[in-house]
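Architecture and fold: a report
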Amino acid sequence: MDNQNLAIKVKDLRNRKGYSQEQLSEESKLSLRTIQRIEKGESVPRGDTLVKLTQALGVTPDDLLEWTNIEDKGYLTLLNLSAITILVQPLFGIIIPLVMWILKRDKIKLVDDTGRKLISFQITWTLTLYIVSFLASKGTFIPFNLNILKRFPVFISDFSLGPALLLFLYLFNLVLIFINIRRSQKGLKTKYFPAIPFLK
């Protein structure tokens, strides 16, 4: 593992614990300067420093030093593709990518970035979908089971503004999913927009 990857991992673990650099310094009994140098990639912790640091972060030395960020375009494709479950139930487009993101966000390159963007987009999209559904029904109800596959014939037969907007939202989402699958296969970062950044 190179120093920069180690630095990123230490900083990520520190942030997950909710520690500032000063707090990690106190918890690990290491100097603030040592923590700063490790996080800048200027030094690699060894011996007693490594033991103190990993104990404060709640990981083993092997976990820290053997961590690698592998590249797996297949998993990235599946992560993006998992959002297509919106066709069955819009909430699945949030839940399934969320589970996949949690399982591999630290292990595969670009999964953390892709997952955050995809999930934030799907939450934003789902909220928009339910608001449009509510307004289209003139405020009478919010249909939580918006299975587009079952409702498609109804939408086509009653092609008013409400169903047209819902179909547009689904089409927009599907187009973005397939665009981002192609981007992932090329090793590029995904772009899901517009999205409220629910996951930072």
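Above this text you will find the structure in question.
Residues numbered from 1 in each chain as written. Predicted model: local features only at pLDDT ≥ 70, side-chain atom pairs only at ≥ 80, totals over all residues. Heavy atoms only, no water.

Counting its secondary structure elements, the chain contains 10 helices and 0 strands. Beginning at the N terminus, the succession of helices and strands in the chain can be written as α-α-α-α-α-α-α-α-α-α. Counting all 200 residues of the chain, 40% fall into the buried class. A fraction of 64% describes how many contacts in the chain between residues 6 or more apart in sequence connect residues 24 or more apart. For the chain, the computed accessible surface area is about 11,100 Å², with 62% contributed by carbon and sulfur atoms. (Helix = DSSP H or I, 4+ residues; strand = E, 2+ residues; numbered from the N terminus. Buried < 20%, exposed > 50% of the residue type's maximum accessible area, 1.4 Å probe, protein only. Contact = heavy atoms within 4.5 Å. Areas by Shrake-Rupley, 256 points an atom, 1.4 Å probe, with all protein chains shown as cover.)

Per the counting criterion, the structure on display carries 7 salt bridges. Close ionic contact of E42 with R37 constitutes a salt bridge, the shortest N to O distance being 3.8 Å. Assessed through its relative accessible area of 42%, E42 is described here as partly exposed. What makes R37 partly exposed here is its relative accessible area of 32%. One salt bridge in this structure joins D113 and K117, with 3.1 Å as the shortest N-O distance. Remark: K117 and D113 occur in helix α8 (residues 111-136); sequence separation between them is 4 residues, near one turn of the helix. With relative accessibility at 23%, the residue D113 sits in the partly exposed group. (Salt bridge = Lys/Arg side-chain N within 4 Å of Asp/Glu carboxyl O.)

With respect to the helices, strands and loops of the structure, F92 is situated in helix α7 (residues 92-104). In this structure the C-alpha to C-alpha distance between F92 and S82, which are 10 residues apart in sequence, comes to 8.5 Å. When residues no more than four places from it in sequence are discounted, the contact partners of F92 are T85 and P97.

On to the nonpolar core, then. In terms of nonpolar packing, the biggest core is built from 25 residues, with V111, W125, L129, Y170, I177 and Y192 touching the most fellow members. Contributing elements (two or more residues each) for this core: α6 (73-81), α7, α8 and α10 (161-185). Among the nonpolar cores identified, the runner-up in size contains 13 residues, and Y19, L24, I35 and I38 belong to it. (Core = buried A, V, L, I, M, F, W, Y, C linked by side-chain atoms within 4.5 Å.)

This next bit is on the side chain of N80. Turning to its location among the elements, N80 is positioned in helix α6. What makes N80 buried here is its relative accessible area of 0%.

A separate point is the environment of N80. Taking the C-alpha atoms as reference points, N80 and G115, 35 residues apart in sequence, are found 8.2 Å from one another. With residues up to four places along the chain from it excluded, the contact list for N80 reads T114, L118, I177, N180, I181, S184, T190 and Y192. Among the polar contacts listed, one links the side chain of N80 to the backbone oxygen of L76, at a separation of 2.9 Å. (Polar contact = N/O pair within 3.5 Å; in protein donor to acceptor, adjacent residues only side chain to side chain.)

Taking 1.5 Å per residue as the helical rise, α8 with its 26 residues ought to reach 38 Å, and the 36 Å between its terminal C-alpha atoms agrees with that figure. Of the residues trailing α8, K138 is marked for its positive phi of about 60°. (Expected span 1.5 Å × (residues − 1).)

Another aspect to go through is the packing of helix α2 (residues 21-28) against helix α3 (residues 32-39). The N-to-C vectors of α2 and α3 enclose an angle of 115°; their axes lie 8 Å apart at closest approach. Crossing of α2 against α3: the hand is right-handed. Residues Q21, E22, L24, S25 and S28 of α2 form the contact with α3, whose participating residues are L32, I35, Q36 and E39. (Axes fitted to C-alpha atoms, helices over the stretch in contact; angles between N-to-C directions. Left-handed = near helix turned anticlockwise from the far one by under 90°.)

Running from N to C, α7 and α8 point in directions that differ by 165°, and their axes come no closer than 9 Å. Classified by the angle between their axes, α7 and α8 sit roughly antiparallel to one another. Remark: the crossing between α7 and α8 carries left-handed chirality. Seen from α7, the contacting residues are G93, I94, P97, L98, W101 and K104; seen from α8, they are V111, D112, G115, R116, L118, I119, Q122, I123 and T126. Residue composition of the contact of α7 with α8, grouped by class: 8 nonpolar, 4 polar and 3 charged. (Parallel < 35°, antiparallel > 145°, perpendicular 65-115°, else oblique. Nonpolar A, V, L, I, M, F, W, Y, C, P; charged D, E, K, R; others polar.)

No statement about biological role is implied by the geometric values presented.
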